[in-house]
Amino acid sequence: MLGLAIPGLWLNIPRLLGPLDLSALERGSTVALARDGALLRAFETTEGRWRLPVKTGDVDPRFFTLLKTYEDKRFDRHGGVDFLALLRAGWQVLRHGHAVSGGSTLTMQAARLLEPRFERTLVAKARQILRAFELERRFSKAQILDIYLALAPYGGNLEGLRAASLAWFGKEPRRLSDGEAALLVALPQAPEARRPDRSASRARAARDRVIERAFAAHVLDAAQTRSAKAENVVALRKNFPDLAPHASEALFRAHPERRILHLTLDARLQRSLEVLAREKAEKLGAKLTAAILVIDNSSGEIRAHVGGADYYSQARAGALDMTRALRSPGSTLKPFIYAMAFGDGVAHPETLLDDSPARYGLWRPVDFDEKFHGSVTARAALQQSLNLPAAQLLNEIGAPHFVARLRSAGVTLVLPKESDAGLAIGLGGVGIRLTDLARLYAGFAREGLVPDLVESLDDPPAPLKSRRIAEPGAAWQVADILRFAPPPDNAPAGKIAFKTGTSYGYRDALAIGFDRSHTVAVWVGRADNGAVAGLIGRQVAAPILFDIFARIGGPNAVVPRPAHVLSATTATLPPPLRHLRRDGPKTIAATFTNPLKIFYPPDGARIDLGIASGAGNGAALALKAQGGAPPLTWMVNGAPLKGEAVAPSQRHEARWTPDGAGFARVSVIDANGASDSVSVRLE
């Protein structure tokens, strides 16, 4: 009868005790991990406890050797209860009048951790035994150890081996010394009484008992025993890793249901740049802070995200993520003005621009050095960040058109008045986030295509969006110009394409740079938007930018040059591109009844390469314009068409043979400098 009763009892444990509650395993701390799995940051549970996820594979094997030797030497062989140990413990109680050693197995301890009960009665012990049977029936030995590792108490609000290893030793439990492993075996039996930060002597004594038993069981030899006992017992808890707080918290708020957050960040680089930002801000002033982004150009993944110089500093408002704050970009939008001008056929890097006094309505721009440089090439004007040529080009392409192009790339812009898209936006008169600036600059390294930023590895990649900020040829031309901009003192020249910016009133200092692989954006300023004398992008932010690239390492490969880009001097350019006339389009619009306009192909057209309209043999595409003053100059992706492609008797028509599928920018310029452009997709 007893033989029949035991199996029946085994199978009916859930009915006798109720279903096993495993919810404690789900109420753990959320952790943010770097791309290589390194712990960036952990979050307390809602009960204020540290209970970090951990599995047997995350723990040094010597811990399990010591744990089983001390707590449950027959763990791998018994079915949840060690009856020999129970008999021994009962006999010791009868003989000595008190418990000398426990009879609980690790499985029984796991059951008690899942269902905490404070009474020490035979009924409670019987319940543990029954639950231990159930655990052994439902789970493997490794899974039972996982339960123990996750829930064992280690003093204060520490639960689980991983939290204890980080708090007491400042390291993950993968590489524990013999002494460290022994202490972690001893603590759960009396976690408060043996806390190293409150009673180091008790902690040491308990640890040494574990070591002595391991020696007696021939698990440790004499030398290992002496070495383990000689290890110091920590007296203070260590802080948990606290990297990337802004990125981690943003992802934690967005996905509160996730216990593990996998970020795209590089832990080594993140740690280095957080130290760099804090050191630089401390030298600059008490209220200064800094923000840094590092982007992988090929994927759009963020490799480093420093939202502020010191997360816990109230004076620096460190908890604010300044990478997402709306700030003035200073001159950092100028390269996109030039890119639009190059792509639309308005100008070429060797086009001469006038750096001379000009007035646009009530606005009279001046250069940063308050000097005038006369006629300069577009290349030199951008490298020197001259304001007047940039305003001249923006006036040609149109500020509303410029704003629309930026917004079409997915960028958020905030104007002083939503209807006021004036020329001052090109010099910093607009609000934009550092994240968006970094995305835009990454487009220069990606043939003009702006990536979506990715900061989580947990979500499937979003479909690729073709958000174009520049034509491929224009993107390379700007990259080539910026690569030879004068670098800050003691920085290498010709390695990194970069641009600096300083906002009005010295409130923002920026430097954004890129090579083929990475884009780096740096902002320095006060979170409260206060002015700081001498806060200039070139002097403050640019040195940080070059320091970051040095820490990233690598060869700083340049952006590859597209095959179709025109190499020319000012003298060899087509006449309309040699010099930008300040009054060009305004005068033309008033003089000609029919302004210059491309009427085929229409803007945004999708064209089948096999049946190009008007091509006859299907190999060439007819380009047609109307209006304007002949002769007309046709350009594709910033490069003029060869002379034979333009019919001499039909100045308003040309033929173009595409070199493959993709996007293309077709432009036409008349003798007076008026221009029109369309973007088409070849399929």
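As shown above, the structure is provided for reference.
Thresholds applied
Note on numbering: residues in each chain are counted from 1, in written sequence order. Local features in a predicted model are, by the rule used here, given only for residues with pLDDT of at least 70; side-chain atom pairs are given and counted only at 80 or more, and totals for whole chains, interfaces and linings are based on all residues. Neither water nor hydrogens contribute to the side-chain values; these are computed over all heavy atoms in the structure. In DSSP terms, a helix is any run of H or I states spanning at least four residues, a strand is any run of E spanning at least two, and both are numbered starting from the N terminus. Whenever a nitrogen or oxygen atom comes within 3.5 Å of another N or O atom, the pair is scored as a polar contact, on the condition that within protein one atom can donate a hydrogen and the other can accept it, and that pairs from neighbouring residues in sequence are kept only if both atoms are in side chains. Note on definitions: a residue-residue contact is assigned when non-hydrogen atoms from the two residues lie within 4.5 Å. The criterion for an aromatic pair is that two Phe, Tyr or Trp rings (for Trp, the six-membered ring) have centres within 6.5 Å, with stacked assigned to planes under 30 degrees apart, edge-to-face to planes over 60 apart and tilted to the rest. Classification of residues uses two cut-offs on accessible area relative to the type maximum, computed with a 1.4 Å probe and protein chains only: under 20% is buried, over 50% is exposed, and between them is partly exposed. We call a charge positioned over a ring when the NZ of a Lys or the CZ of an Arg lies within 6 Å of the ring centre and within 35 degrees of the ring normal. By nonpolar core we mean a set of buried residues, namely Ala, Val, Leu, Ile, Met, Phe, Trp, Tyr and Cys, connected to one another through side-chain atoms within 4.5 Å. Strands pair, by our definition, only if DSSP identifies at least two bridges between them. Whenever a helix is involved, its axis is fitted only over the stretch in contact; in every case the axis is a line through C-alpha atoms, and angles between N-to-C directions fall within 0 to 180 degrees. Angular relationships are summarised with four words: roughly parallel below 35 degrees, roughly antiparallel beyond 145, roughly perpendicular across 65 to 115, and oblique for the angles in between. We call Asp, Glu, Lys and Arg charged. Ala, Val, Leu, Ile, Met, Phe, Trp, Tyr, Cys and Pro are nonpolar, and the rest, Gly among them, are polar.

Before going further, it helps to spend a moment on the side chain of arginine 526. Topologically, arginine 526 is positioned in strand E12 (residues 518-526). Looking at arginine 526, its side chain comes within polar contact range of the side chain of aspartate 528, at 2.7 Å. Beyond its immediate stretch of four places on either side in the chain, arginine 526 contacts Lys287, Leu288, Arg327, Arg507, Ala531 and Val532.

Throughout the structure, instances matching the rule amount to eleven aromatic pairs. When the ring of phenylalanine 63 is compared with that of phenylalanine 64, the centres are 5.6 Å apart and the planes differ by 75 degrees; the resulting orientation is edge-to-face. Judged by relative accessible area, which is 11%, phenylalanine 64 ranks as buried. For the ring pair phenylalanine 336 and tyrosine 441, a centre distance of 5.1 Å and an interplane angle of 85 degrees mean the geometry is edge-to-face. Here the residue phenylalanine 336 occupies a position in helix H14 (residues 334-343), and tyrosine 441 occupies one in helix H18 (residues 434-444), the gap between them amounting to 105 residues. Take phenylalanine 336 and tyrosine 441: they sit in the same class, and that class is buried. Through successive ring pairs, a cluster of aromatic residues spans Phe336, Tyr441, Phe444 and Phe514. One Lys or Arg, lysine 141, reaches over the ring of phenylalanine 75 and ends 4.5 Å from the middle of that ring.

Counting 79 residues, the largest nonpolar core has Phe336, Tyr338, Leu393, Phe402, Leu440 and Phe514 as its most contacted members. Here leucine 440 is in contact with Phe336, Leu406, Ala409, Val411, Ile432, Val450 and Ile469, once residues within four sequence places are set aside.

The next subject is unusual backbone geometry. The residue alanine 244 is not glycine, and still its phi comes out positive at about 50 degrees. Structurally, alanine 244 can be placed in the loop between helix H11 (222-230) and helix H12 (245-254). The class for alanine 244 is buried, based on a relative accessible area of 0%. Despite not being glycine, tyrosine 506 has its phi angle at roughly 55 degrees, a positive value. Inspection of the secondary structure assignment puts tyrosine 506 in the loop between strand E10 (497-502) and strand E11 (508-514).

Quick look at the pairing of strand E7 (residues 302-306) now. Summarising burial for E7: five of the five residues are buried, a large majority. Note that strand E6 (residues 288-296) and E7 share four bridges and pair antiparallel. Note that in E7 the partner of valine 294 across the bridge is alanine 304. Count of turn residues in the E6/E7 antiparallel hairpin: five residues, of which glycine 300 carries a positive phi of about 80 degrees.

So, about the packing of helix H10 (residues 200-216) against H11. The geometry of H10 relative to H11 is characterised by a closest axis approach of 10 Å and an angle of 175 degrees between their N-to-C directions. As the angle between them shows, H10 and H11 are arranged roughly antiparallel. Of the residues in H11, those touching H10 at Arg204, Arg207, Asp208, Ile211, Glu212 and Phe215 are Ala222, Thr225, Ala228 and Lys229. Split by residue class, the contact of H10 with H11 holds four nonpolar, one polar and five charged.

Moving on, we get to the side chain of glutamate 180. With respect to the element layout, glutamate 180 can be found in helix H9 (residues 178-186). One polar contact links the side chain of glutamate 180 to the main-chain amide nitrogen of serine 177, over a distance of 2.9 Å. Not counting chain neighbours up to four residues away, the residues in contact with glutamate 180 comprise Phe169, Lys171, Arg175 and Glu231.

The three strands are arranged E13-E15-E18 in an open sheet whose pairing can be described as antiparallel. The open sheet terminates on both sides in strands that have one partner only, identified here as strand E13 (597-600) and strand E18 (653-656). Each strand axis lies, on average, 35 degrees off the axis of its neighbour in the sheet, ignoring direction. Pairing of strand E15 (residues 621-626) with E18 involves four bridges; the strand directions are antiparallel. Its bridge partner lying in E18, leucine 623 is registered against alanine 654.

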